[in-house]
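Architecture and fold: a report
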Amino acid sequence: MGKFYRKENTQEKKKKAVLLFFKSPSDSVLSRINDYLDSNNFENCGYYSDFELQITLQKLGSQTDFQKDLSERYPNQIIVIGTPEKGEVSQELLIALKLSQAVIKLIPVNFDLFTGLIQISSDKDLPHIRLYPNNLNIINKVLKYITNKSIAMVGLTMTLLLMPIIATFIKLTSKGPVFYKQKRLGKNAKPFYLYKFRTMIVSAEENGPQLSSDNDQRITPAGKILRYWHIDELPQFWNVFKGEMALVGPRPERPYFAKVLSREVPYYKIIYQEKPGLTSLGMIKFGYASSLSEMTDRLYYDIVYLNNPSFLMDLKILANTLRYIFLKTFYDPSPQRRIEREAQIRTLTGSKDPLVRWLSLKNKIQC
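What comes next concerns the included structure. (Residues numbered from 1 in each chain as written. Predicted model: local features only at pLDDT ≥ 70, side-chain atom pairs only at ≥ 80, totals over all residues. Heavy atoms only, no water.)

Section: the pairing of strand β8 (residues 191–197)
For the record, the criterion: A strand pair is defined by DSSP finding two or more bridges across the two strands. Secondary structure elements are defined from DSSP: runs of H or I of at least 4 residues count as helices, runs of E of at least 2 residues count as strands, and each element is numbered from the N terminus.
With seven bridges connecting them, strand β7 (residues 179–185) and β8 associate as antiparallel partners. Paired with F179 across the two strands is F197, which belongs to β8. Hairpin geometry of β7 and β8 is characterised by an intervening segment of five residues between the two adjacent antiparallel strands and by a positive phi of about 60° at N188.

Considering a nonpolar patch on the surface
Cut-off, in case you're wondering: Exposure above 30% relative accessible area and no salt bridge define the residues that can form patches, which grow by joining like charges within 9 Å and nonpolar side chains of Val, Leu, Ile, Met, Phe, Trp and Tyr within 5 Å. Only the protein chains shown count as cover for residues, and the accessible areas themselves come from Shrake-Rupley with a 1.4 Å probe. For salt bridges, the criterion is a side-chain nitrogen of Lys or Arg within 4 Å of an Asp or Glu carboxyl oxygen.
On the surface, F169, I225, Y228, W229, L322, F326 and L327 cluster together to form a nonpolar patch covering roughly 720 Å² of accessible area. When contributions to the nonpolar patch are tallied by element, the ones reaching two or more residues are α5 (221–228) and α10 (311–327). Top contributing element to the nonpolar patch by residue count: α10, with three residues.

Digging into the environment of D50
To keep it simple, the criterion reads: For this analysis, residues touch if any pair of their heavy atoms sits within 4.5 Å.
Structurally, the position occupied by D50 is in the loop between β2 (43–49) and β3 (58–61). Residues D50 and G61 lie 11 residues apart in sequence; the distance between their C-alpha atoms is 7.8 Å. Ignoring any residue separated from it by four or fewer positions in sequence, one finds D50 in contact with K59, S62 and Q63.

Overview of helix α1 (residues 27–39)
Defined as follows: Helix span, as expected, comes to 1.5 Å for every residue beyond the first. Only protein chains enter the accessibility calculation, which uses a 1.4 Å probe. A residue is then buried if its area is under 20% of the maximum for its type, exposed if over 50%, and partly exposed in between. For this quantity, the arc is that covered by the directions from the helix axis to the C-beta atoms.
Over its 13 residues, α1 runs 18 Å from end to end, which matches the ideal 18 Å to within 8%, given 1.5 Å per residue. Those residues of α1 not exposed but buried are V29, L30, I33, Y36 and L37. In a view along the axis of α1, the buried residues occupy a sector of 120°, so they form one face of it. Along α1, exposed side chains directed more than 90 degrees from the buried face belong to D27 and D38. Residues of α1 that are buried make contact with β1 (16–21), β2, β4 (77–81) and β5 (103–107). N41 sits one or two residues past α1 and shows a positive phi near 55°.

As for the pattern of salt bridges
Applying the stated criterion across every chain, the model contains five salt bridges. With a shortest N-O distance of 2.6 Å, D216 and R218 are connected by a salt bridge. Of the two residues, D216 and R218, neither departs from the other in class, the shared state being buried. Salt-bridge contacts for R251 lead to E233; the nearest nitrogen and oxygen are separated by 3.8 Å. Placement of the pair is R251 in the loop between β9 (246–248) and α7 (255–264) and E233 in the loop between α5 and α6 (236–242), with a sequence separation of 18 residues. Given the relative accessible area of 9%, R251 is considered buried.

Details of the environment of I284
By the element assignment, I284 lies in helix α8 (residues 281–286). Accessibility expressed as a relative area gives 1% for I284, which makes it buried. Taking the C-alpha atoms as reference points, I284 and I317, 33 residues apart in sequence, are found 7.5 Å from one another.

Section: unusual backbone geometry
Positive phi outside glycine occurs at A189, with the angle close to 65°. Tracing the backbone shows A189 in the loop between β7 and β8. Backbone geometry at H230 places phi at a positive 60°, although glycine is not the residue there. As for its position among the elements, H230 is in the loop between α5 and α6. Residue H230 is classed as buried on the basis of its relative accessible area, which comes to 10%.

Considerations on α7
Residue pairs spaced three or four apart in an α-helix point in one direction, given the helix's 3.6 residues per turn. The set of residues buried in α7 consists of F257, A258, V260, L261 and S262. Looking at the packing, one finds that the buried side of α7 touches β7 and α9 (292–306).

Let's talk about the nonpolar core
How we decide: The definition of a nonpolar core used throughout is a set of buried Ala, Val, Leu, Ile, Met, Phe, Trp, Tyr and Cys residues joined through side-chain atoms within 4.5 Å.
Judged by nonpolar contacts, the single largest core of 42 residues is most densely connected at F197, Y268, Y272 and L281. Of all the elements, α9 adds the most residues to this core, at seven residues. Sequence-distant contacts of Y268, defined by excluding residues within four places in its chain, comprise E253, A258, L261, S262 and L299. The next biggest cluster of nonpolar side chains, apart from the first, holds 17 residues, and it includes F21, V29, L53 and I107.

Taken by themselves, the reported measurements are silent on function.
Quick look at the structure:
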């Protein structure tokens, strides 16, 4: 899977910058970059380029080496100077930049051509174009944090009150523990254990990871009821309270299936930019996925959410999740509903081919 999350280390407290040169800038631009690094006390700086530069920084490698080394350097800022010769940037590089968690500043070789896009946040800042700006303002972040913690506490209280009944029901219908934990991938692909009430027989995956469906023979009698009403997911409020998950976000995937999806859909890794959610836009619009194809289709809804985040959007998804659970109007396994759902996806993306779908979204959705 590669490394997508930052390791805790003593070097992380130091401000580090990495520069990627696609083109050689003018002397004035190069001078501004040097002044910016000096005035902001950056340490351990270096640059990647396919050519030599008259600069005091250490050359770390070529443009090709940059993407390979990025997961090991953990820079606070990435400064990109110029654009590739043909203006083409690979999807892999865009995803690596997105997942780096660094502030990414694009420095035009000629400032005059980009005057309307240039940003400066302070007198010590470098005129730049900000890549992947965070659209969620501080008010939305605070509201989301408070809502997550508050609802998680209510959910945990409800879980504790219902647990004697649920535990008895599980024990009477099958042998094994009441709870079940499973490794999932969270923000930046960092592993964590997701908790559920057990709904399958103990030996359900003795032959390896498997996707489940409504008619899965491994599901216990109690599990069928718990799954239908999503009661089995109540212990996940503990994951939300601990901060491993959010109420709303992409569904957390298991490492095995995440690896398969990453091979089939390279841009799958985009979902690692946010905490996974107890519910999601993909969940209420698409429902449970029982195949790789359905998991791929549901991904497009998660991408739409990730690029249009807001507290109001979270509230709408939470409200529709309650409607989904109690009325079951958002997911109908009938063939007609499946046809309508596939038509929705084609309308959204404009193509049947997954790669073409993604490319058609690039101009509308920041990846």
